[in-house]
Amino acid sequence: MESTKYKRKIAVFNAFLGGHNIEYLHHIYMNAINDYDIDFTFVVPDYFVIRKKSLEWPESPNIKFHYFKLDASEYLKICTSPLKKSWVLSRILKRTLKQTGLYEVVLIETIAFMPFLPFLTKSKTKITSIVYYIPKHHSYNTKAKQLYDKLLFFLMLKSNRFKRICLLNAIKDTHEYNKTYRTTIFSFLPDPYNPIEVTKSRDEIRKEFGIDSKDKLFIHFGSMTSRKGTIEILNAIALLDKEKLVGKRFLFAGKVADAIKEKFYNIIENIKDKANIIVYDKFCEYDFFGEICKAADYILIPYKNVSQSSGLCTYAAQFKTPVIGPSEGLLGEIIRDNGIGIAQEGLDAKKISEFIVDPTNADKNFSKEACDIYLKRSTPKEFYNSLIH
C-alpha cells in the first residue's frame, strides 16, 4: 500500500489589519494559492470582510479563513496596555488553535502577543514569527522599558514554541543575534515591495499635478503622524525664505493623523504664500504612490522611530528616487547599506531645510545598481519563502 504523504497545515494569524499588516497577509496569500502541498488557514478579525475589498483574494482549494471577533472598540481598549494586549491576543490564539486543531503558526506581528504567548499555548505549537521592532536600535526614555523589551526577546529565544524568529530587513542583526546567543533561530526576512507598473511618463504625471519639469519635487507619503516627522518637514519649509523655495515643490499624500491635523494645516496656512504645497489627505492606492515616486526627485522620511524597516525604502529602490532619512538605527542602516539616498544624523527641521536648499548629497549616495540588488531580495516570493519554506 502506498504511504500517504504528510501535508503541512499552517495557520497564518493576523490580529491587526492596518498598513503593512494587511500587505504582508496579502503577500503570503497570493503565494499560498500556488503552494498546493500546504493547507492554509488565515486567521483574521471578522472586520476583515470589509477591509479585504481593497485587494484581490482569489479562492484556492488549499486556503480557508477563520474569523474571530475583535471590533474597533476592543482593539482600542487592549492597545492601552501591552500586557492587556498580550493577554487578549494570546487567549484568542489559544482558542483558535484548539478550534482548528492546528499547531504550526505564522504570526504577522509577534511582539503584541508577548509575554503571555509561550504560557498559553501548548508545547507542540511551532511558531514562525515576524519581528519588525529591533530593541537594540531603539532610543529608550526609561531603563524599565529597555529591560522589558529585552525580556520579551529573551522569552522568545528560550521558548520551545518558537520555530523561527524572522527579523524584518535586518541582515546584520540576524547574524549578530545568532552568533551572540549561539543559535540558528533568528533568520533574515526581506521587507517585500508591491511591484507597481506606472505607464505614464514622468512629465505626464508632473503635468497632471501642475509641476514644471525643471522643478525639484519633494514628496512625503503614507500615514502621516508625529513619529513620521511630518511636522518637521513643514517646519523646515517654514524656516526658508521665499527666494530659497523658488523651483521647489512639495507633495504630501496619505491620511493625516488626527493628533497632528490641526498643527499640520495651521503651518500650511502660515507658509502658503511662499511655498508650493500639494496635499492629498486621504487613503491613497499603491498605484498613486507609484506615480508620485516616479514624478519625484526626492522622498522625505525623517522618521523618529528608527528601530524598524520602512516600506518607503522599497518604493525608493523601485522608482530610483533617493530618500532623505535618519542615520540612526535600523532605518539608517538600510538607507546606507542599500544606496537608496542620504542618511543624516539628527535629522531635525533645520537639517531638512538645508537638504531642501541643496539636496545633492542624496544624489551622491544613491546607487541604481544597489537598488536593483535590494529589490531582487525583497520580492513577495522571497518574503513568502523565508517564512514558509
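Report on the accompanying structure. As the structure is a prediction and not an experimental result, all values here were calculated from the model.

1. Brief notes about the overall build of the chain
Here comes step 1: Along its length, the chain carries 17 helices and 13 strands.
Here comes step 2: Its C-alpha atoms give the chain a radius of gyration of 22 Å, near enough to 21 Å, the size a compact globule of 389 residues would have.
Here comes step 3: With the C-alpha coordinates aligned to their principal axes, the bounding extent of the chain is approximately 80 × 50 × 40 Å.
Here comes step 4: Across the 389 residues of the chain, 54% fall into the buried class.
Here comes step 5: Carbon and sulfur atoms make up 52% of the accessible area of the chain, which amounts to about 18,900 Å² in all.
Here comes step 6: The chain carries 59 positive and 45 negative side-chain charges, and their two centres are separated by 8 Å.

2. What to know about the pattern of salt bridges
Here comes step 1: All told, the structure shown has 16 salt bridges when counted by the stated rule.
Here comes step 2: As a salt-bridge pair, Lys163 and Glu104 come within 3.2 Å of each other at their nearest N and O atoms. Of the two residues, Lys163 sits in strand 6 (residues 162-168) while Glu104 sits in strand 4 (residues 104-107), which places them 59 residues apart along the sequence.
Here comes step 3: For Lys163, a relative accessible area of 37% translates into the label partly exposed.
Here comes step 4: Judged by relative accessible area, which is 16%, Glu104 ranks as buried.

3. Thoughts on the packing of aromatic side chains
Here comes step 1: Applying the stated criterion across every chain yields a total of 29 aromatic pairs.
Here comes step 2: For the ring pair Tyr24 and Phe383, a centre distance of 5.2 Å and an interplane angle of 40 degrees mean the geometry is tilted. Of this pair, Tyr24 sits in helix 1 (residues 19-32) while Phe383 sits in helix 17 (residues 380-388), and the two are 359 residues apart along the sequence. For the pair Tyr24 and Phe383, one class covers both residues: buried.
Here comes step 3: On the basis of an interplanar angle of 40 degrees and a centroid distance of 6.4 Å, the ring pair of Tyr181 and Phe186 is categorised as tilted.
Here comes step 4: Grouped by ring-pair contacts, the aromatic residues Tyr29, Phe40, Phe42, Phe48, Trp57, Phe65, Tyr67 and Tyr384 constitute a single cluster.
Here comes step 5: Above the face of the Phe65 ring, Lys52 is positioned so that its terminal group lies 5.4 Å from the ring centre.

4. Regarding the sheet that holds strand 10 (residues 276-280)
Here comes step 1: Pairing in this open sheet of six strands is parallel, and the strands run 10-9-8-11-12-13 from one edge to the other. Of all the strands in the sheet, just strand 10 and strand 13 (341-344) have a single pairing partner and so form its edges. Between one strand axis and the next, the sheet turns through 25 degrees on average, direction left out of account.
Here comes step 2: Sheet topology places strand 9 (residues 248-253) next to strand 10; five bridges connect them, and they run parallel. In the strand pairing of strand 10, Leu251 is matched with Ile278.

5. Focus on the layout of surface pockets
Here comes step 1: In this structure, the second largest pocket spans a volume of roughly 150 Å³.
Here comes step 2: For the second largest pocket, the full set of lining residues is Pro135, Lys136, His138, Tyr140, Gln146, Asp149, Lys150, Phe153, Tyr177 and Tyr181.
Here comes step 3: Its residues assigned to classes, the lining of the second largest pocket shows five nonpolar, two polar and three charged.

6. Some details on helix 1
Here comes step 1: Over its 14 residues, helix 1 extends 21 Å from the first C-alpha to the last, a length consistent with the 20 Å expected when each residue adds 1.5 Å.
Here comes step 2: Counting buried residues in helix 1 gives eleven out of 14 residues, a clear majority hidden from the surface.
Here comes step 3: Every buried residue belonging to helix 1 is among Asn21, Ile22, Glu23, Tyr24, Leu25, His26, His27, Ile28, Tyr29, Asn31 and Ala32, and all of these are buried.

7. Description of the nonpolar core
Here comes step 1: Counting 72 residues, the largest nonpolar core has Phe13, Leu167, Ile219, Phe221, Ile292 and Ile299 as the members making the most contacts within it.
Here comes step 2: Not counting residues up to four positions away in its chain, the partners in contact with Ile292 are Phe209, Ile219, Phe221, Leu251 and Ala253.
Here comes step 3: Residues Leu25, Phe40, Val44 and Leu168 belong to the second largest nonpolar core, which totals 29 residues.

8. What to know about a positive patch on the surface
Here comes step 1: On the surface, a cluster of positive charge is contributed by Arg91, Lys94, Arg95, Lys98, Lys122 and Lys124.
Here comes step 2: Following the sequence through the fold, Lys98 ends up in helix 4 (residues 82-100).
Here comes step 3: Judged by its relative accessible area of 73%, Lys98 falls in the exposed class.

9. Details of helix 14 (residues 349-357)
Here comes step 1: Along helix 14, the residues that are buried comprise Ala349, Ile352, Ser353, Phe355 and Ile356. For helix 14, the buried positions fall inside an angular range of 160 degrees around the axis, keeping them on one side.
Here comes step 2: Residues of helix 14 that are buried in the fold lie against strand 8 (216-221), helix 9 (230-239), strand 9, strand 12 (323-326), strand 13 and helix 15 (360-364).

10. Overview of the sheet that holds strand 7 (residues 186-189)
Here comes step 1: Taken together, the seven strands give an open sheet; going across it, the order is 3-2-1-4-5-6-7, and neighbouring strands pair in parallel fashion. Whereas interior strands pair on both sides, the edge strands pair on one side only; in this sheet they are strand 3 (63-68) and strand 7. On average, adjacent strands in this sheet sit at an angle of 25 degrees to one another, irrespective of strand direction.
Here comes step 2: Here strand 1 (residues 8-13) pairs with strand 4 via four bridges, running parallel. For Val12, the partnering residue across the bridge sits in strand 4 and is Val106.

11. Notes on the packing of helix 8 (residues 202-209) against helix 11 (residues 286-295)
In a packed pair of helices, the relevant descriptors are the angle between the two axes and the axis-to-axis distance.
Here comes step 1: For the pair helix 8 and helix 11, the least separation of the axes is 8 Å and the interaxial angle reads 105 degrees. Relative to helix 11, the element helix 8 lies roughly perpendicular. Of the residues in helix 11, those in contact with Arg202, Ile205, Arg206, Glu208 and Phe209 of helix 8 are Phe288, Glu291, Ile292, Lys294 and Ala295.
Here comes step 2: Considering only residue class, the contact of helix 8 with helix 11 consists of five nonpolar, no polar and five charged.

12. Here's the deal with the side chain of Lys228
Here comes step 1: Among the structural elements, Lys228 can be located in the loop between strand 8 and helix 9.
Here comes step 2: Salt bridges are absent for the buried Lys228, whose nearest opposite-charge side chain, Glu23, sits at 9.8 Å.
Here comes step 3: Of the polar contacts made by the side chain of Lys228, one reaches the side chain of Ser223; its length is 3.0 Å.
Here comes step 4: Discounting residues that sit within four places of it in the chain, Lys228 has contacts with His220, Ser223, Pro302 and Tyr303.

Rules behind the numbers
- Residues numbered from 1 in each chain as written.
- Predicted model: local features only at pLDDT ≥ 70, side-chain atom pairs only at ≥ 80, totals over all residues.
- Heavy atoms only, no water.
- Helix = DSSP H or I, 4+ residues; strand = E, 2+ residues; numbered from the N terminus.
- Rg over C-alpha atoms; globule rule 2.2 N^0.38 Å.
- Buried < 20%, exposed > 50% of the residue type's maximum accessible area, 1.4 Å probe, protein only.
- Areas by Shrake-Rupley, 256 points an atom, 1.4 Å probe, with all protein chains shown as cover.
- Lys, Arg positive; Asp, Glu negative; His and termini not counted.
- Charge placed at Lys NZ, Arg CZ, Asp CG, Glu CD.
- Salt bridge = Lys/Arg side-chain N within 4 Å of Asp/Glu carboxyl O.
- Phe/Tyr/Trp six-rings, centres within 6.5 Å; stacked < 30°, edge-to-face > 60°.
- Lys NZ or Arg CZ within 6 Å of the ring centre and 35° of its normal.
- Pairing = 2+ DSSP bridges.
- Axes fitted to C-alpha atoms, helices over the stretch in contact; angles between N-to-C directions.
- 1 Å grid on protein atoms, 1.4 Å probe; cavity = no way out; pocket = protein on both sides within 12 Å on 5 of 7 lines; lining within 4 Å.
- Points joined across faces, edges and corners; volume = space filled by probe spheres on them.
- Nonpolar A, V, L, I, M, F, W, Y, C, P; charged D, E, K, R; others polar.
- Expected span 1.5 Å × (residues − 1).
- Core = buried A, V, L, I, M, F, W, Y, C linked by side-chain atoms within 4.5 Å.
- Contact = heavy atoms within 4.5 Å.
- Patch = residues over 30% accessible without salt bridge, like charges linked within 9 Å, V, L, I, M, F, W, Y side chains within 5 Å.
- Arc of directions from axis to C-beta.
- Parallel < 35°, antiparallel > 145°, perpendicular 65-115°, else oblique.
- Polar contact = N/O pair within 3.5 Å; in protein donor to acceptor, adjacent residues only side chain to side chain.

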